[in-house]
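Here is how the chains run, residue by residue.
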Amino acid sequence: MTKYIGKSVKRLEDKRFITGQGKYTDDIKLNNMAYAYILRSPYANAKVNSIDTDAAKAMDGVAAVFTGADVPESIAGVPCGWQVNFKNGDTMKEPPHPLMVRTKVRHVGDAIAIVIADSKAIAKDASELINVDYDILDAVTDPKAAAQPGAPLVHEDVPNNICFDWEIGNPKDEVEAALASAAHVTELEFVNQRVVPNAIEPRSAIGEYDTAYDRYTLHTSTQNPHLTRLLLCAFVLGLPEHKVRVVGPDVGGGFGSKIFHYTEEALVVYFSKIVGRPIKWTAERSESFLTDAHGRDHVSHAKMGFDADGKMVALQAYTYANMGAYLSTFAPAVPTYLHGTLFQGLYTTPKINVDVTATFTHTNAVDAYRGAGRPEATYLIERLIDLAALEMNMDPAELRMKNFIPAFDGVEKEGYVTQVALQYDSGNYEPVLNRALEMIGYEDFRAKQAAQNNGKLLGIGFSTYIEACGIAPSAVVGALGARAGLFESAQVTVQPTGKVSVYTGSHSHGQGHETTFAQVVADKLGIDIGDIEIIHGDSDRVAFGMGTYGSRSLAVGGSAIVKSIDKVLEKGAKIAAHLLEASPDDLNYEDGKWTVKGTDKSVGFGDVSLTSYVPHNYPEGLEPGLDFSSFYDPTNFTYPFGAHVAIVEIDKETGKVELKRFIAVDDVGNVINPMIVDGQIHGGLAQGIGQALHEGTVYDETGQLINGTYMDYCMPRADDLPSFEIDRTVTPCPHNPLGVKGAGEAGCIGSTPAVVNAVIDALWKAGHKVKDIQMPMTSERVWNAMNAG
Amino acid sequence: MANKISITVNGKMHTAEVEARTLLVDFIREHLSLTGTHIGCDTSSCGACTIHMDGKAIKSCTVLAVQADGSELTTVEGLSKNGELHPMQEGFREEHGLQCGFCTPGMMMAATDLLKRNPSPSEHEIREALEGNFCRCTGYHNIVKSIQYAAGKMNGATA
Ligand code: FES
Ligand code: FES
């Protein structure tokens with residue numbers, strides 16, 4: 001039955017990409033199209049006294065120049081899609097995020113004016129003629145500093161810049177009591193630094209207004225066309241949703257940064273009608289650095305307590321989370337429900353409390369970046385446990401084994417209820433770590449480490465992580481503050497000839513849905529994969545969708561497809577039974593045909609689909625056609641997990657860290673296409689390792705992002721990384737029809753702490769008992785750590 | 001201020017008037033509508049715009065269109081011949097060397113140039129040769145394998 005599922009089917013979408021025929025937003029050229037350039041604030045905090053656009057408007061080839069004053073007051077700005085309440089029950093502070101500033105800029109990159117011209121060069125030239133009079137004010141960029149009395153305010157009506165405070169888990173006094181009586185407490189203060197998602201395709205948007213049909217089209221590099229449409233129509237511009245089409249064509253990577261609804265999308269749509277021409281805006285890379293929502297940026301303080309046997313007894317974490325100057329679409333969810341709820345990790349810790357304070361700063365917005373909250377939680381837990389092992393002189397792998405939650409499959413043995421509001425679906429944690437130890441050759445490793453004698457320090461770091469994916473049960477996330485449902489939809493249209501068009505609300509921007517989804521459909525229907533087309537990313541073709549993020553496409557979107565296929569087969573069986581003069585219950589469906597059990601009488605899928613559209617000889621009372629839509633709302637999150645191990649060498653002279661090996665054993669449930677899952681893991685690893693060793697924003701005290709280009713921000717390159725050694729175990733998800741859990745974020749969640757732990761291990765084993773090295777662990781930082789005191 | 005240039009792209013001669021400041025990548029994308037060559041940065045760092053100019057890989061965002069006057073260019077659209085994929089294209093598909101596909105044209109153009117200079121590169125040499133090409137999706141693991149696949153295939157074909 002499974003001709004395709006579980007096989008590394010080569011990707012069906014590759015042909016257009018390898019021949020240069022991919023169609024990304026910036027590749028689209030419309031008739032009479034104009035080009036936009038957005039003039040942005042060079043200051044982080046300033047009063048805008050005046051903006052003079054006369055000279056720019058007068059330039060040849062300029063169609064129009066608009067500022068915040070040209071956006072009607074009724075358009076307040078882009079909304080936030082997730083509400084978190086203060087501990088005292090008050091709703092979070094949610095100042096407006098206007099499309100362009102009116103009186104005050106709040107971060108470098110805030111939009112001052114949009115110039116629309118015949119070419120992007122003219123638009124940019126004209127922008128240089130705009131005169132802005134600013135009063136420059138003090139800025140604050142650090143999330144903890146922002147909350148201190150006297151810090152410069154980002155929004156006048158938000159005291160102490162605090163967006164909300166929040167906690168989850170057991171009462172603090174219980175956690176503190178458990179820590180007080182613990183045999184050992186490991187304590188760590190650290191910064192999980194801000195990173196930039198850096199999809200290689202810069203964001204781009206084209207707004208178009210069609211007078212004949214009174215209709216707008218927005219082409220945009222988004223992970224989430226339908227949600228963008230909903231927000232744009234209902235919350236920003238007040239347009240009727242049926243009069244707006246949003247297309248996310250080929251999209252060159254997202255990693256979270258293209259989930260959100262951005263101001264530029266609203267600007268090009270709104271002004272396309274006023275200017276009477278389609279308007280294209282494409283970010284330059286330095287503009288992406290200033291305006292694509294960033295990731296991470298937590299300042300944390302945590303304590304983990306152990307009894308004399310090394311059993312964890314309590315975990316307390318305090319985190320300041322940076323929101324940036326404005327709330328991006330899902331920003332409040334990231335440090336709370338995607339972070340605080342993950343502190344159980346893989347361990348049986350009986351007392352946990354997580355306390356989060358989210359603050360505004362004069363920086364670009366922070367929102368979900370690959371992993372979104374889960375990497376930050378994993379980083380904290382896994383750093384603490386490795387450090388605890390060093391402090392207690394225990395083996396870090398053994399210490400983890402000792403604390404693992406015992407195996408449960410979610411069927412025979414029910415899901416594990418955590419101290420932080422979740423119920424894990426299924427898990428079996430020892431095998432991933434055992435497999436990783438085997439791959440490393442751990443038995444010999446410590447001896448080798450002790451004997452190492454080549455001028456380099458050898459270190460090993462572990463990270464055993466869990467994540468919550470398959471986002472998400474709508475009622476649950478609704479109760480937690482989401483202002484959207486997080487189901488998925490799918491329509492399966494069987495054409496009269498038996499070819500199948502599948503319309504999915506998931507969105508592929510590199511994940512390979514056109515292949516993976518087709519594999520599922522081909523096997524379920526027993527037809528050739530070439531007879532299936534997967535259609536996504538266009539609100540005129542796909543009725544509704546919630547897009548792709550949170551490793552949800554297959555677990556949620558795939559399940560919606562399976563639901564529609566089940567309906568196709570159920571109706572198909574009725575038609576087949578009629579044709580075969582049998583009862584539907586007496587039929588078997590296999591290899592694309594219905595057969596009367598125990599006979600050789602059968603009818604094929606194509607005959608049934610044709611009959612459904614040419615219903616001459618047809619079951620009485622049955623509707624013609626073979627076309628079903630479904631919505632699938634998951635009953636729980638899915639919980640992939642894994643063990644990541646980094647082996648590093650540190651040059652004693654220079655402090656340079658070389659990543660020698662990286663081993664990842666992940667369990668993402670059932671796997672449809674191993675090649676694609678491996679690729680997802682590889683990509684995630686590179687990003688997680690990138691954060692540990694290379695990446696990180698640097699804001700100066702005036703709020704300038706001083707490494708906002710590829711010359712200054714260190715992207716991981718091919719020769720920074722080794723080939724990865726990966727394997728997996730399979731613990732199926734018990735609550736979705738495919739048994740899948742999601743693989744998009746795993747690599748990025750587990751890898752970062754493994755690398756840092758390896759460096760710390762190398763230093764301890766050489767007698768340098770440092771607790772932390774700030775990421776990215778540059779040679780300078782490591783050298784300083786080795787040579788301190 | 002317009003400058004007249006003649007450039008052969010993928011075997012076809014184009015004559016056009018361009019501004020002195022027009023970048024070659026803009027000429028290729030905007031004037032010739034060959035959008036397989038991408039723009040990923042403004043600092044000549046990412047390599048998404050890599051093409052061949054007179055047989056050598058260059059970053060087309062770093063060359064002015066007027067500087068390319070009289071030269072022969074190959075872009076990703078010119079990589080396959082007579083409907084047959086180039087071994088490098090085949091390698092990227094076989095070894096899953098692409099995800100979103102945005103870096104891919106530039107990667108393949110850089111990699112074909114490498115194999116011209118060094119037909120059997122080691123993994124280390126491949127990784128070094130890709131220093132100027134960023135990929136955010138693949139972690140480079142399968143890009144290395146794709147290039148090894150192409151090298152194997154091309155060496156097999158000439159052996
Ligand atoms: S666009 Fe040419 S190197 Fe980035
Ligand atoms: S495949 Fe997406 S950037 Fe390389």
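The rules we used
- Residues numbered from 1 in each chain as written.
- Chains lettered and ligands numbered in written order.
- Predicted model: local features only at pLDDT ≥ 70, side-chain atom pairs only at ≥ 80, totals over all residues.
- Heavy atoms only, no water.
- Helix = DSSP H or I, 4+ residues; strand = E, 2+ residues; numbered from the N terminus.
- Contact = heavy atoms within 4.5 Å.
- Areas by Shrake-Rupley, 256 points an atom, 1.4 Å probe, with all protein chains shown as cover.
- Lys, Arg positive; Asp, Glu negative; His and termini not counted.
- Charge placed at Lys NZ, Arg CZ, Asp CG, Glu CD.
- Pairing = 2+ DSSP bridges.
- Axes fitted to C-alpha atoms, helices over the stretch in contact; angles between N-to-C directions.
- Buried area = accessible area lost by both parts, 1.4 Å probe.
- Salt bridge = Lys/Arg side-chain N within 4 Å of Asp/Glu carboxyl O.
- Nonpolar A, V, L, I, M, F, W, Y, C, P; charged D, E, K, R; others polar.
- Patch = residues over 30% accessible without salt bridge, like charges linked within 9 Å, V, L, I, M, F, W, Y side chains within 5 Å.
- Parallel < 35°, antiparallel > 145°, perpendicular 65-115°, else oblique.
- Left-handed = near helix turned anticlockwise from the far one by under 90°.
- Buried < 20%, exposed > 50% of the residue type's maximum accessible area, 1.4 Å probe, protein only.
- Domains from an automatic or database assignment.
- Polar contact = N/O pair within 3.5 Å; in protein donor to acceptor, adjacent residues only side chain to side chain.

1. Describing the overall build of chain B
For chain B, the helix and strand inventory stands at five helices and five strands. Start at the N end of chain B and walk to the C end: the helices and strands fall as β-β-α-β-β-β-α-α-α-α. Its C-alpha atoms give chain B principal-axis dimensions of roughly 50 × 30 × 25 Å. Long-range contacts, defined here as pairs at least 24 residues apart, represent 58% of the contacts in chain B between residues at least 6 apart. For chain B, the computed accessible surface area is about 6200 Å², with 50% contributed by carbon and sulfur atoms. The average position of the 14 basic charges and that of the 18 acidic charges among the side chains of chain B differ by 2 Å.

2. Here's the deal with the sheet that holds strand β18 (residues 500-504) of chain A
Residues and elements named next belong to chain A. Within the open sheet, the four strands sit side by side as β19-β18-β17-β23. Their pairing is mixed. Of all strands in the sheet, those bounded by a partner on one side alone are β19 (532-535) and β23 (627-632). With direction set aside, neighbouring strand axes in the sheet form an average angle of 15 degrees. In the sheet, strand β17 (residues 488-494) pairs with β23 via six bridges, with the strands oriented antiparallel. Across the sheet, Ala490 pairs through a bridge with Ser630, a residue of β23. Contacting β17, β18 and β23, helix α14 (residues 553-580) runs over the sheet at an angle of about 145 degrees to β23.

3. With respect to the interface of chain A and chain B
Between chain A and chain B, the residue contacts involve 53 residues of the former and 45 residues of the latter. Roughly 4300 Å² of surface becomes buried between chain A and chain B when both sides are summed, with 54% attributable to carbon and sulfur atoms. Interface area lost by chain A to chain B is led by A:Ile18, A:Ile200 and A:Ala718, which between them contribute 16%. On inspection of chain A and its partner chain B, the count reaches five salt bridges. Those elements giving two or more residues to the side of chain A that touches chain B turn out to be α1 (14-18), α3 (120-127), α7 (285-291) and α16 (674-693) of chain A. Top element by residues in the side of chain A that touches chain B is α16(A). It accounts for eight residues. Considered class by class, the residues forming the side of chain A that touches chain B number 24 nonpolar, 15 polar and 14 charged.

4. Concerning a nonpolar patch on the surface
Nonpolar side chains collect at one region of the surface, where A:Leu610, A:Tyr613 and A:Val614 lie side by side and expose about 240 Å² of accessible area between them. Looking at the element boundaries, A:Tyr613 is found in helix α15 (residues 605-613).

5. Remarks on the packing of helix α9 (residues 396-403) of chain A against helix α10 (residues 430-440) of chain A
A pair of packed helices is characterised by two quantities: the angle between their axes and the separation of those axes. All names here are of chain A. Axis separation between α9 and α10 bottoms out at 10 Å; the angle between their running directions is 165 degrees. Classified by the angle their axes make, α9 and α10 are roughly antiparallel. The crossing of α9 and α10 is left-handed. Each of Ala397, Arg400 and Met401 in α9 lies in contact with α10, whose residues at this interface are Glu430, Leu433, Asn434 and Leu437.

6. Brief notes about the pairing of strand β5 (residues 111-117) of chain A
Residues and elements named next belong to chain A. Where burial is concerned, most of β5 is hidden: seven out of the seven residues are buried. Two strands pair when backbone bridges link them, and strand β1 (residues 34-40) and β5 are joined in this way by six bridges, in the antiparallel orientation. Paired with Tyr37 across the strands is Val115, a residue of β5.

7. A word on the environment of B:Leu23
All names here are of chain B. Residue placement: Leu23 occurs in the loop between β2 (12-18) and α1 (24-31). Sequence separation of Leu23 and Leu79 is 56 residues, and the distance between their C-alpha atoms is 22 Å. When residues no more than four places from it in sequence are discounted, the contact partners of Leu23 are Ser60, Cys61, Val63, Leu64 and Ala65.

8. Let's talk about the domain arrangement of chain B
All names here are of chain B. Once the domains are mapped, chain B shows domain 1 (2-78) and domain 2 (87-154). For domain 1 versus domain 2, the distance between C-alpha centres works out to 21 Å. At the junction of the two partners, domain 1 supplies 18 residues and domain 2 supplies 14 residues. Across the domain 1 to domain 2 interface the summed buried area is about 1200 Å²; carbon plus sulfur atoms make up 60%. Considering only the surface of domain 1 that becomes buried against domain 2, His38, His52 and Val76 emerge as the three largest contributors, covering 38% of it. On inspection of domain 1 and its partner domain 2, the count reaches zero salt bridges. Along the contact surface separating domain 1 from domain 2 lie nine residue pairs in polar contact (both at pLDDT 80 or more). Those elements giving two or more residues to the side of domain 1 that touches domain 2 turn out to be β3 (50-53) and β4 (56-59). Taken together, the residues that form the side of domain 1 that touches domain 2 break down as six nonpolar, ten polar and two charged.

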